[in-house]
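# Examination of the molecular architecture
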Amino acid sequence: MTMQTTEWAYLRGEFVPLPEATISIKTHGFLYGTSVFEGIRGYWSDDKETTYLFRAREHFERMLRNAKLLMLDSPLDLEGMVATTTELIQRNNYRKDAYIQPRLYKSGQFIPPYIDGVETDYCCYTQAFGKYLDASKGIKVCVSSWRRLSDNSLTPRGKIGGAYVNSCLSSSEAHLNGFDDAIVLGEDGYIAEGSAMNLFMVKHNTLITPTTTDGILEGITRGTFIELAQQELGIEVCARRIQRSELYDCDELFFTGTAAQMVPIASVDHRTVGSGTGDVGPISQKLKDLYERIVKGNHPAYEHWLTPVPALAGAGTSS
Ligand SMILES: Cc1ncc(COP(=O)(O)O)c(C=O)c1O
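Below you will find a few notes about this structure. Just so it is clear, the model here is predicted, and its values are computed rather than measured.

## Considering the overall build of the protein
In terms of helices and strands, the protein carries seven helices and 17 strands. Taking 20 Å as the expected radius of gyration for a compact globule of 319 residues, we find that the protein reaches 20 Å, a close match to that expectation. For the protein, the C-alpha atoms occupy an extent of roughly 55 × 50 × 35 Å along the three principal directions. A total of 319 residues make up the protein; the buried ones form 54% of that total. Counted over contacts in the protein with a minimum sequence separation of 6, partners at least 24 positions apart contribute 71%. Taking the average place of the 31 positive charges on the side chains of the protein and the average place of its 39 negative ones, the gap between the two points comes to 2 Å.

Spelled out as structure tokens, the structure:
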């Protein structure tokens, strides 16, 4: 007899089997995209039989800050979010890398497009998750014809559910035109970020990235790379406006993000990045190696960035 394993989610204050984690089609968050969410990675270690959540507290803290943008009153505090995520990962017992998507959303069944006075709920699901983009040899990107959202329309500072239509437009345009992903300009014509990643450029041994007021999400991975470059590798980092043409003559270029992790870029708008060999540049490679050691729990100095979730014997409840 085959044992069927139940996958669990968290909704309306309880753990529920994933197929029962459903919401009404009248839900405000579904009608108008009124939610804020996070993407968190869990890295599985076979040796330690543990999933390491990478910078989970920083992700939940960002979500709670973003909640203010949409007047979402969270039923859980940060510790409650960490505790329920830990339990979900233990119940789901993937024993491989995982992706966690927690969300605060307007759960009221309310027709007018207001945000004041509409109820909030918190939900979370997890899934086994490998690579988002193939980082082995560098990807091909284009500059999108779509512009990033602006702070005075729908701020890119928030990871707002409805705002991801903008990410979908730019990434699908890129795919349909034969590229792996897109770089998006802000309303003012300067570089903002990728469809759902931050961008870094290396020129004359300096690591350069757009500033937090250039129409970007202030990525947790971006912050990690800045800190590692400065503190561990002694690389000069400069956050400043970047013009499109600078991408064409830089030495190295890469994306960072929770889902994407670190992805080197081999070409932009058909112009080869750097030396043209297609190899990952030396600064990018050092940062990538360091990041991968840290997230997998192999760098003791950065253990404070990891939340260990030990696998439980017999977890993965059967139905
Ligand atoms: C629009 C956007 N920019 C940047 C990022 C990278 O942010 P983080 O490193 O916090 O995942 C993401 C992913 O969450 C994103 O959706």
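## A few points about helix H3 (residues 78-92)
Under the 1.5 Å per step criterion, the end-to-end length of H3 is 21 Å for 15 residues, consistent within 8% with the ideal 21 Å. Residues Leu-78, Gly-80, Met-81, Val-82, Thr-84, Thr-85, Thr-86, Leu-88, Ile-89, Gln-90 and Asn-92 constitute the buried set of H3.

## A few points about the nonpolar core
Counting residues in each nonpolar core, the largest one holds 28 residues, and the members touching the most others are Val-36, Phe-60, Leu-104 and Tyr-122. Looking at this core, the elements that each hand over two or more residues are strand E1 (8-11), helix H2 (56-69), H3, strand E6 (98-106) and strand E7 (120-128). Here this core gets five residues from one element, more than from any other, and that element is H3. When residues are assigned to domains, this core turns out to be shared by domain 1 (8-130 + 301-310) and domain 2 (139-280), each giving three or more.

Calculation criteria
- Numbering of residues starts from 1 in each chain and follows the order in which that chain's sequence is written.
- Only residues with pLDDT of at least 70 get local features here, since the model is predicted, and only at 80 or more are side-chain atom pairs given and counted; chain-wide, interface and lining totals rely on the full set of residues.
- Side-chain figures throughout are based on the complete set of non-hydrogen atoms in the structure, without hydrogens or water.
- What counts as a helix is a DSSP run of H or I of at least four residues, what counts as a strand is a run of E of at least two, and both are numbered from the N terminus.
- For the radius of gyration, the atom set is restricted to C-alpha positions; the globular benchmark scales as 2.2 Å times the number of residues to the power 0.38.
- Note on classification: 1.4 Å probe, protein chains only; a residue is buried when its accessible area is under 20% of the maximum for its type, exposed when over 50%, partly exposed between these limits.
- Only heavy atoms matter for contacts: two residues are in contact if any of them lie within 4.5 Å across the pair.
- Neither His nor the chain ends is counted toward charge; the positive residues are Lys and Arg and the negative residues Asp and Glu.
- Taken as the charge location is NZ of Lys, CZ of Arg, CG of Asp or CD of Glu.
- Expected helix span is computed as 1.5 Å times (number of residues minus one).
- In this description, a nonpolar core means a group of buried Ala, Val, Leu, Ile, Met, Phe, Trp, Tyr and Cys residues linked to one another through side-chain atoms lying within 4.5 Å.
- Bear in mind that the domain bounds are from an automatic or database domain assignment.

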